Amino acid sequence: SQPEANKTPAVESSPLEAALAHELRTEEERQRDAFRHPKETLEFFGVEPDDHVLELWAGGGWYTHILAPYIASTGKLYVTSYPADSERELYRNLVAQLSDYLGKVEGGDKVTVYPLNPPAIDIPLENQLDVVLTFRNVHNWVLAEQEHEFFASFYAALKPGGVLGVVEHRAKPGTSLQVMKDSGYVTEAYVKEIAAAAGFEFVESSEINAN
């Protein structure tokens, strides 16, 4: 018999890499990876598959489609989106997409989508979360003058030592509050100020998404 040819062992992908390649994501969403750096971003925030995670204002679910397959098997994902009676269809579409996906996988009860009614987050999650994530939403809360209520809610929901991960459009240092409201760009210093007022301690920032 002929000796078996040498074969290169298959490289097993990590849970996060598998989530990035998951069928729940559209090709259009994958094309944005080069600009939004989801792998590096979630690794920087230290999100693990067995964490209990809250994603704020998920919109159309760009990050949700990564977080659901990444966390649903061993952790717990909570998502807040627009209220169900909103004129926007994003909330209904997101719920429908996730319901269809979770109907096919074990642990489908591990993703919960809640309507978010600013400034209150009516979710019984006090001291239950490992990570709270928000992607490019802070400027909306600043414009509505509800940023302090939001950050206080995040602080209450997190376990002691939990992580608040924020990605935001960044204004130049020294930008006034009014210009932040008008432009949709927020200074890093003001985000830190809001967080500190809610009780958070700053740990680290990253230039992963700087452009």
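Here the structure is shown first, and the text comes after it.
Residues numbered from 1 in each chain as written. Predicted model: local features only at pLDDT ≥ 70, side-chain atom pairs only at ≥ 80, totals over all residues. Heavy atoms only, no water.

Undergrad: Explain the overall build of the chain residue by residue, including any values.
TA: A tally of helices and strands in the chain yields 10 helices and 5 strands. For the chain, with 211 residues in total, the buried portion stands at 42%. Put simply, 73% of the contacts in the chain that link residues at least 6 apart link residues at least 24 apart. Of the roughly 11800 Å² of accessible surface on the chain, a fraction of 49% belongs to carbon and sulfur atoms. (Helix = DSSP H or I, 4+ residues; strand = E, 2+ residues; numbered from the N terminus. Buried < 20%, exposed > 50% of the residue type's maximum accessible area, 1.4 Å probe, protein only. Contact = heavy atoms within 4.5 Å. Areas by Shrake-Rupley, 256 points an atom, 1.4 Å probe, with all protein chains shown as cover.)

Undergrad: Before we move on, could you go through the packing of aromatic side chains and cite the residues and values that matter?
TA: One pass over the structure, following the stated rule, counts 11 aromatic pairs. Relative to Tyr63, the ring of Trp62 lies with its centre 5.0 Å away and its plane at 70 degrees, an arrangement referred to as edge-to-face. For Tyr63, a relative accessible area of 3% translates into the label buried. A network of ring pairs unites the aromatic residues Trp57, Trp141, Phe150, Phe151 and Phe154 as a single cluster. Over the ring of Trp62 we find Arg36; its NZ or CZ atom is 4.3 Å from the centre of that ring. (Phe/Tyr/Trp six-rings, centres within 6.5 Å; stacked < 30°, edge-to-face > 60°. Lys NZ or Arg CZ within 6 Å of the ring centre and 35° of its normal.)

Undergrad: Which residues make up helix α8 (residues 147–157), and what values do they have?
TA: Along an α-helix, a turn takes 3.6 residues, which lines up residues three or four apart on a common side. Those residues of α8 that fall on the buried side of the exposure criterion are Glu147, Phe150, Phe151, Phe154 and Ala157. Within α8, the buried residues cover an arc of 125 degrees as seen down the axis, which keeps them to one side. On the buried face of α8, the contacting elements are β1 (52–56), β4 (129–135), α7 (138–143), β5 (158–167) and α10 (188–198). (Arc of directions from axis to C-beta.)

Undergrad: With reference to specific residues and values, describe the pattern of salt bridges.
TA: Applying the stated criterion across every chain yields a total of 7 salt bridges. A salt bridge links Arg170 to Glu188; the nearest nitrogen and oxygen atoms lie 3.4 Å apart. Of the two residues, Arg170 sits in the loop between β5 and α9 (177–183) while Glu188 sits in helix α10, which places them 18 residues apart along the sequence. Taking relative accessible area as the criterion, Arg170 reaches 42% and is therefore assigned partly exposed. Close ionic contact of Arg170 with Glu207 constitutes a salt bridge, the shortest N to O distance being 3.0 Å. With Arg170 in the loop between β5 and α9 and Glu207 in the segment after α10, the pair connects residues that are 37 residues apart, well separated along the chain. (Salt bridge = Lys/Arg side-chain N within 4 Å of Asp/Glu carboxyl O.)

Undergrad: So what's going on with the pairing of β4? Which residues, and what values?
TA: Where burial is concerned, most of β4 is hidden: 6 out of the 7 residues are buried. Inspection of the sheet shows β4 paired to β5 by 6 bridges, in the parallel sense. By the bridge assignment, Leu129 is partnered in β5 with Leu158. (Pairing = 2+ DSSP bridges.)

Undergrad: Account for the environment of Gly161, naming residues and giving values.
TA: Structurally, Gly161 is set in strand β5. Assessed through its relative accessible area of 78%, Gly161 is described here as exposed.

Undergrad: How would you explain the layout of surface pockets if you had to name every residue and give the values?
TA: Approximately 1400 Å³ is the volume attributed to the largest pocket. In this structure, the largest pocket is lined by 45 residues; those nearest its centre are Phe45, Gly165, Val166, Val167 and Glu168. Take the lining of the largest pocket: its biggest share by element is 10 residues, from β5. When grouped by side-chain class, the residues that make up the lining of the largest pocket number 22 nonpolar, 12 polar and 11 charged. (1 Å grid on protein atoms, 1.4 Å probe; cavity = no way out; pocket = protein on both sides within 12 Å on 5 of 7 lines; lining within 4 Å. Points joined across faces, edges and corners; volume = space filled by probe spheres on them. Nonpolar A, V, L, I, M, F, W, Y, C, P; charged D, E, K, R; others polar.)

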